[in-house]
Amino acid sequence: MLDRRFVATVALPAAIVTVTAVAVVVMLPSLPDPVATHFGLQGHADGYLSRSLVVPVLLGLHVAITALLAAVIHRSGPAVVGERLLVALPAAIAAMVGGVLLMTIEGQRDLADATQALFSASMPTVPLVAALLAGGLAVAIAPASRPPASATAPPPADAPRVSLQAGAVWQGVTPTALPMQIAAVVVVIASGVLWFLTAPFVGGITLASVVPLVGSTRFTVAIGPGGIVVRGVLGWPRVHVPLQGIEQARIDRLRPLAFGGWGLRLRGRQTAIVTRHGPALEIVRTDGASLLISMDSPEVPAGVLNSLLDVRVAATGDAAAEA
Amino acid sequence: MLLRLAPEDPRPLYVQIASAVRAALTSGELAPGDRLPPGRDLADALGVNLDTVQRAYRALADDGIVVSRVGRGTAVVADLDPAQLSLTEQVEAVVSRARSLGIGADALTEMIRRAMTPDV
């Protein structure tokens with residue numbers, strides 16, 4: 001249990017939460033009651049919380065969010081996609097939430113009245129920097145990702161296959177994710193409304209969130225002796241699983257609700273690229289993790305991948321025999 | 001789209017890739033106007049250098065089979081005639097055979113002309 005990944009995803013975030021809690025408790029007596037917890041567009045305080053609730057509510061939320069994230073990510077690795085980002089997340093979020101909490105109350109120390117509290121630029125920027133540093137530290141602590149062991153046996157005899165003698169390259173696309181397209185349109189409209197109703201920068205930030213939505217509407221899939229490459233419409237997200245670490249390819253079904261939505265999803269040791277409810281290609285790695293991709297007629301890419309694995313296992317078998 | 005590579009093909013890899021694209025076109029696996037995968041994806045899927053794939057695409061472009069546009073990738077020429085491409089491949093095979101038999105261009109042309117002349 002006490003391996004480096006545990007330290008990075010659980011112990012480090014716990015330490016950050018503890019340090020935040022100690023700092024909050026030390027600062028608490030010097031804070032006004034109630035404490036300002038929200039600021040309006042002009043920079044003045046417009047939301048308050050009773051000082052006696054700061055520890056149970058604000059610290060409590062910090063602990064809960066961090067614990068939940070750490071637990072989920074600790075049980076999900078090593079992941080097929082984005083392992084470094086996942087490892088960084090609990091520590092980064094702990095640092096960001098803790099940073100926001102500390103920066104908010106820090107400026108109110110020895111203030112007679114919370115209505116005098118003012119928003120300052122350090123309130124969003126310091127937590128962001130802290131998040132980057134904490135995330136970087138987590139990644140440095142976690143073990144360097146090693147590709148899983150090579151398969152020593154070919155895929156099962158009843159797995160799908162195509163006729164191949166040597167190499168082949170297959171390319172296809174996933175079905176389009178209509179809900180993502182709809183969501184993108186809704187976000188654009190909402191951005192416009194917010195732009196004029198509140199402030200341009202609010203509309204601008206909202207508009208920026210349309211990028212991952214559009215990028216997840218459809219993915220291209222390429223399969224060959226180098227493995228499998230899946231790429232979103234905008235170029236990112238991009239997943240590359242080398243052939244060495246693959247055990248077999250199967251056909252499965254993907255339900256968006258089972259993975260909590262559409263696009264690039266993570267659930268335990270399974271990573272999924274979900275664009276609709278229906279047939280999917282499943283790539284099983286030798287370490288038990290798997291990647292699922294929504295595809296029409298997944299038996300063709302599955303067959304190509306299994307046949308390529310046959311060729312590879314036979315070649316490495318020959319090489320070992322000659323050695 | 002499936003491109004098959006032949007086992008133990010002694011030709012350089014970029015030639016094999018270009019040849020596989022041609023074969024896909026004549027078999028109908030690939031159609032005129034279809035887009036080829038981005039070089040980077042094909043290179044990663046094959047486990048080769050991006051350079052090798054780009055060389056293959058350039059060779060195909062030089063032969064007028066595909067056209068590359070910045071930002072839009074590489075696509076098969078829309079007005080390509082797969083039947084004519086198949087014939088071009090066969091002509092190249094005949095030329096290659098003639099060379100190996102020591103038959104020159106003039107002799108080969110004469111053979112073709114005679115074959116195309118209707119019996120009198």
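Read on for a plain summary of the structure.

Rules behind the numbers
- For every chain, the first residue of the written sequence is number 1, and numbering continues from 1 onward in sequence order.
- Key to labels: chains lettered from A, ligands numbered from 1, both in the order written.
- With the structure being a predicted model, the display of local features is reserved for residues of pLDDT at least 70 and the display and counting of side-chain atom pairs for 80 or more, all residues being used for whole-chain, interface and lining totals.
- To obtain the side-chain values, all non-hydrogen atoms of the structure were included, while hydrogens and water were left out.
- Think of it this way: any DSSP run of H or I at least four residues long counts as a helix, any run of E at least two long counts as a strand, and we number them from the N terminus.
- Throughout this description, buried means an accessible area under 20% of the type-specific maximum (1.4 Å probe, protein chains only), exposed means over 50%, and partly exposed covers the range between.
- Contacts are assigned to residue pairs with any non-hydrogen atoms lying within 4.5 Å of each other.
- Stacked, tilted and edge-to-face are the three classes assigned to paired rings of Phe, Tyr and Trp, where Trp is represented by its six-membered ring and a pair needs centres within 6.5 Å; plane angles under 30 degrees give stacked, over 60 edge-to-face, the rest tilted.
- Two limits define a charge over a ring: the Lys NZ or Arg CZ must be within 6 Å of the ring centre, and within 35 degrees of the ring normal.
- For salt bridges, the criterion is a side-chain nitrogen of Lys or Arg within 4 Å of an Asp or Glu carboxyl oxygen.
- To obtain each axis, a line is fitted to C-alpha atoms, and for helices this fit is confined to the stretch in contact; angles are then taken between N-to-C directions over 0 to 180 degrees.
- Angle categories are assigned with fixed cut-offs, so that under 35 degrees is roughly parallel, over 145 is roughly antiparallel, 65 to 115 is roughly perpendicular, and the rest are oblique.
- Each helix crossing is assigned a hand: it is left-handed if the near helix lies turned anticlockwise from the far helix by less than a right angle, otherwise right-handed if that turn is clockwise.
- Three classes are used, and their members are as follows: Ala, Val, Leu, Ile, Met, Phe, Trp, Tyr, Cys and Pro are nonpolar, Asp, Glu, Lys and Arg are charged, and the others, Gly among them, are polar.
- One requirement defines pairing of two strands: DSSP has to find at least two bridges between them.

Some points on the overall build of chain B
Consideration 1: Each helix and strand counted, chain B has five helices and three strands in total.
Consideration 2: Reading chain B from its N terminus to its C terminus gives the helix and strand order β-α-α-α-β-β-α-α.
Consideration 3: In terms of its C-alpha atoms, chain B occupies a principal-axis envelope of roughly 55 × 30 × 20 Å.
Consideration 4: By the burial criterion, 31% of the 120 residues in chain B qualify as buried.
Consideration 5: Contacts in chain B between residues far apart in sequence, at least 24 positions, make up 51% of those at least 6 positions apart.

Remarks on unusual backbone geometry
Residue and element names in this part refer to chain A.
Consideration 1: Put simply, Asp33 and Pro34 share a cis peptide bond, and its omega is 0°.
Consideration 2: Note that Pro34 resides in the loop between α1 (4–27) and β1 (35–39).
Consideration 3: Cis geometry is found at the peptide bond from Trp236 to Pro237, where omega equals 5°.
Consideration 4: On the secondary structure map, Pro237 appears in the loop between β5 (227–232) and β6 (238–241).
Consideration 5: At Asp110, a position not held by glycine, the phi torsion is positive, near 60°.

Some thoughts on the packing of aromatic side chains
Consideration 1: Tallied over the full model, the rule gives one aromatic pair over all chains.
Consideration 2: The ring of Phe259 of chain A carries Arg267 of chain A above its face, with NZ or CZ at 4.4 Å from the centroid.

Some details on the pattern of salt bridges
Consideration 1: Per the stated rule, a full pass over the model turns up 13 salt bridges over all chains.
Consideration 2: Ionic pairing is found between Arg276 of chain A and Asp296 of chain A, a salt bridge with its closest N-O pair at 2.9 Å. Of the two residues, Arg276 of chain A is situated in the loop between β9 (270–274) and β10 (278–285) and Asp296 of chain A in the loop between β11 (290–294) and α8 (299–322); the sequence distance between them amounts to 20 residues.
Consideration 3: Through salt bridges with shared partners, a single ionic network connects Arg231 and Arg238 of chain A together with Asp41 and Asp44 of chain B.

Thoughts on the packing of α1 of chain A against helix α4 (residues 122–141) of chain A
Residues and elements named next belong to chain A.
Consideration 1: Remark: α1 packs on α4, axes separated minimally by 8 Å, with the N-to-C direction vectors making an angle of 150°. Taken together, α1 and α4 sit at an angle that is classed as roughly antiparallel. Where α1 crosses over α4, the handedness of that crossing is right-handed. Residue-level inspection shows Arg4, Val7, Ala8, Leu12 and Ile16 of α1 in contact with α4, the latter providing Ala134, Leu137, Ala138, Ala140 and Ile141.
Consideration 2: Across the contact of α1 with α4, the residue classes tally to nine nonpolar, no polar and one charged.

Here we look at the sheet that holds β11 of chain A
All names here are of chain A.
Consideration 1: Within the open sheet, the five strands sit side by side as β7-β10-β11-β9-β8. Their pairing is mixed. Edge positions in the open sheet fall to β7 (246–254) and β8 (263–267), since each of these has one partner strand only. Taking each pair of neighbouring strands and ignoring which way they run, the sheet shows an average axis angle of 20°.
Consideration 2: Relative to β11, β9 runs parallel, the two sharing four bridges. Across the sheet, the residue bridging to Ala272 is Leu292, located in β11.

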